[in-house]
Amino acid sequence: MRHHHVRRTRIALGFLIAFGFVLSGAIGALAYFMPAIVTALQDTGHAIDRNLPTTTASASASPGSSPSASASAQPVEAPPGAPFTVLLLGSDNDAKFSGTVLTQSMILARVNPTTKVVVMESIPRDMWVPLSTGGMAKIDAAYEHGGASAAVATVEEDFDIHIDHYAWIGLLGLVNLINQVGGIDVVATNPVMDDFYPADLTGRDPYAYERVAVLPGPQHMNGMQALMYVRSRHGDLRSDFGRSQRQQQVLLALRAKAKLLGIANLPDIATAMGNDFSTDMTISEIASLLPIASNIQLQNVRQVILASPYTSTGERDNEDVLLPDWNLILPETHLYFPAV
Amino acid sequence: MRRALTVTLVLALMAGFGFGVNRFIASKKHTIPGESSVFIPTATRPKIVLPGTLYLAQNGDIYRLSDGFFTDLHLSTSKGLWMQPAYVPNTQDIVAVLRAAEYSDLYLLNGQGQILQQLSNNANPHLNMVYLNHWMFYPHMVPGSGTIYFSYDQPKDSATYAVDFSVWSGTLGGKLAATQVSDSNPFTGGDVDPSPMAGGAVIYSKFAIGSGNAYSQIAVQTKPQGKPILLTTPAQDCGQPAPSPDGTRIAMICIGGTGLQSTRLEVATLHAGKLGPPQTLVNNCLCADPEWAPDGSGLVYYDPADATGHFELWWIAGALGAAPAPPLQVTTNLDFDATSPPSWSPLTTVPVMAR
C-alpha cells in the first residue's frame, strides 16, 4: 500500500516538473512575443462598423456622384482561399492634425490567393464624392468624419464594391516599418522636387516647409527618404497621381523586403509600428497573408491609377478638386473588384 | 536541506529552460543587415585591380580606389553629406557635392580631401523662405578645359512649385553657373546626369511626363538651350548615359517594361547622332550609374549583390566588344551611394593608407 502511494507521488511529481518546464517555456515564448501580442490586442481586430448612418439618398442625387451609390452591403466574409479586397489607408496622425486626420493615401487592393494575382487601384485623395456620413467632400475627408469605418463605407458606396478588410498606417508607422526592415530599394521614376514639403515630422515648426530633392534612379531609401518620395506632390505635373504611382511602387518594394522576414521578426515589427497601425484583420489573418505576399510575382501585380479621363480637375466649395467620371471609373473598377 | 537544494535546482532548470526557449525563438529571427553592418571601404579589398583611379561615395564620405586599394578622403560631414565626386582632368583634384538638408554646393577638393575652394553658395539664411535655397548636383568636368557641367534648379520663381533641374555650364576659374544649357520640362524634375561629349556637346537624362507616367530620355544638347536630340524613346525610359572614351558607344540604364521595380544595363552604338539597337548587358537588376574605364577595357556600375539592397561595385570587361564578359562583383559588404555616379580618372594615385 505504501509502495503504491510512493509511486503515485512520484508520478505526480514528474507531471508537476514536466508542467513546470512547459510553463516556463511558454512564459519564455510569451515574453518574446509580448510586443506583438500587445500590438495584436491594441491595433488588430478593429471591426468595421457597418451600421454607420448613411445619407446615400441625398448623395446619389448630387451631381457627380456615383450613379450606383447605394447603402453599404452587409459583409459576406470571403471563404479561405477566395479573392478578397483590402482598403489600404495612409494618413497624417501627428499633433498638427489632431482631430482632423485626413487620408493622404487610399489604395484598393484585390488579392487572389489562388491565382496569386494582385490588383492595386489608387483612389485620388482630391476626388469629389458623396461621403457615407453625408454631403459631398474630397474623399480624403471620409476618414476625418468617421474613421476607417466611414472611409470603407464611402468607398464601398461610391465604387459599388465590397471591402473585406482595411489596414491603416500613420506616417511615422510607415517610416519606422521601412527602417525596421532595413530600408527599401526603389527605382525613383524621376527627380522628385518639392520646395513646399511639410516639415511636420522633423521637429521644427509643424507648419513650416522643407525642401525635398529625391534624385532619380535605383537607390536604397530609409524610412524618412521613402516617406518624402511617396508624400511629395507639389513638383509633379501629375500632382496626386504621381504620388499614387510612387506609393504603389513603395508598397511593392516593401513586399520584396517582407519576403526576408519570419514570424520571429514580428515583435520587432510590432514595436516599430507602435500605435501607427490599425486593422480589422486578426493577427492570424495577417500571418496568413505573409506567405501569399511572398509568393506573388511582380508580373502578376496590376496597378490602376484613376488619372484622366477617369477624373478631371474642377473647383467645388472654393477648393481645387478632382471630378470623377463614374461612367468610366465603375466599369474599370469592376473589371477587378466585383460589383455588389 | 537536500530536498531544498533539489527544489532550487529544478526551479533553476525550469527558469533556464524558459530563457532557452526565448533565446531559441530569437535565434530564428531573420537578420536584415542595417547600415551599421556595412564595412567602410578601406577595411576591404576589391576582387580585382581596376585601371586608373575611381572616386566613389558611401555614407556621406568619398573614397578613392586605385591600384587595388581604397583611400578614405576623410571629409567632414558636419555640414552635410559628400557625394557625386568628379575628377578634374590631369590633376589629383576632384569636384564634389556637399548636400545639406535643403541645399547643395559644389566644392573643389585636393587628393587628400582638403577643401581648396567652395565653388557655389546655394544656402539661403532666411529659414522661413526655404525656396530661396538651391540645389546643384551631378558635376562633370570637360577633359582639356576648365569647363564644368552640372544640374541646377534654376531658373525658378520663388513663388512657384516648379522646381526642376536644368543643365548648366561654367568654368572652375570663372563663373560657375555661366550658361544655362538645357531647358527642362516643367514639373518633371528636369534634366540630370550631364556628361561632356566630343565637339562641345553634352549628353544627359531628360525627364518628361506623358500618358500619366514619368520617363527619361537620353538627350544631346549641341548648343545652349537649343532643341535637344533625343536618342531614346519614352517607352525605353532610359537615363544615366555614359559615353565611352572613344565616343562610339553609350552605356545607359533603362526602366521601360520593368514595372518600375528593376532596371537594365544597356549599351548601344552611337553613330551620326543616332543610337543603334541596344545590347542588354544585365537584365532584371537594380543597376545604376555605369561608367567606362578610361582605357575602354570595360565598365563599372552599381547593383545590390543580394536582397539587403546594399549597392556594390560591379565590373564588365570587354563591354565595348560584341561579347562582353559576365559581370564580376568587385566589392563585398559595402553600400555605395547609388545616386552618386562613380568618376573614373585615367591617373593612378598612390594610396595614402599603408598597405
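Before reading on, note that the structure itself is shown above.
Read on for a plain summary of the structure. Fair warning: this is a prediction, and the values are worked out from it, not measured in the lab. (Residues numbered from 1 in each chain as written. Chains lettered and ligands numbered in written order. Predicted model: local features only at pLDDT ≥ 70, side-chain atom pairs only at ≥ 80, totals over all residues. Heavy atoms only, no water.)

Before going further, it helps to spend a moment on the sheet that holds strand 10 (residues 166-171) of chain B. Residue and element names in this part refer to chain B. Taking strand neighbours across the sheet as the criterion, the four strands line up as 8-9-10-11 in an open arrangement whose pairing is antiparallel. The sheet is open, and its two borders are formed by strand 8 (136-141) and strand 11 (179-180), each paired with just one other strand. Looking at chain direction, strand 10 and strand 11 are connected through two bridges and run antiparallel. Counterpart to Trp168 in the pairing with strand 11 is Gln180. (Pairing = 2+ DSSP bridges. Helix = DSSP H or I, 4+ residues; strand = E, 2+ residues; numbered from the N terminus.)

The subject of this paragraph is the nonpolar core. Residues and elements named next belong to chain A. Counting residues in hydrophobic clusters, the biggest one holds 39 residues, and the most contacted among them are Ile184 and Tyr229. Apart from the residues lying within four places of it in its own chain, the contact partners of Ile184 are Ile178, Gln219, His220, Met221, Ala226, Val250, Ala253, Leu254 and Lys257. Membership of the second largest hydrophobic core comes to 33 residues, among which are Ile48, Leu87, Leu131 and Ile161. (Core = buried A, V, L, I, M, F, W, Y, C linked by side-chain atoms within 4.5 Å. Buried < 20%, exposed > 50% of the residue type's maximum accessible area, 1.4 Å probe, protein only. Contact = heavy atoms within 4.5 Å.)

On to the state of the cysteines. Residue and element names in this part refer to chain B. Applying the stated criterion across every chain yields a total of two disulfides over all chains. For Cys238, the disulfide goes to Cys254, at an S-S distance of 2.0 Å. Here the S-S torsion is close to 105°, and the disulfide linking Cys238 with Cys254 is therefore right-handed. Linking Cys238 in strand 16 (residues 238-243) with Cys254 in strand 17 (residues 249-254), this pair joins segments that are 16 residues apart in sequence. No difference in accessibility class separates Cys238 from Cys254, as the two residues are buried. Paired through a disulfide, Cys285 and Cys287 show a sulfur-sulfur distance of 2.1 Å. With the S-S dihedral at roughly -125°, the linkage between Cys285 and Cys287 falls on the left-handed side. (Disulfide = S-S within 2.5 Å.)

The values are spatial; any link to function lies outside them.
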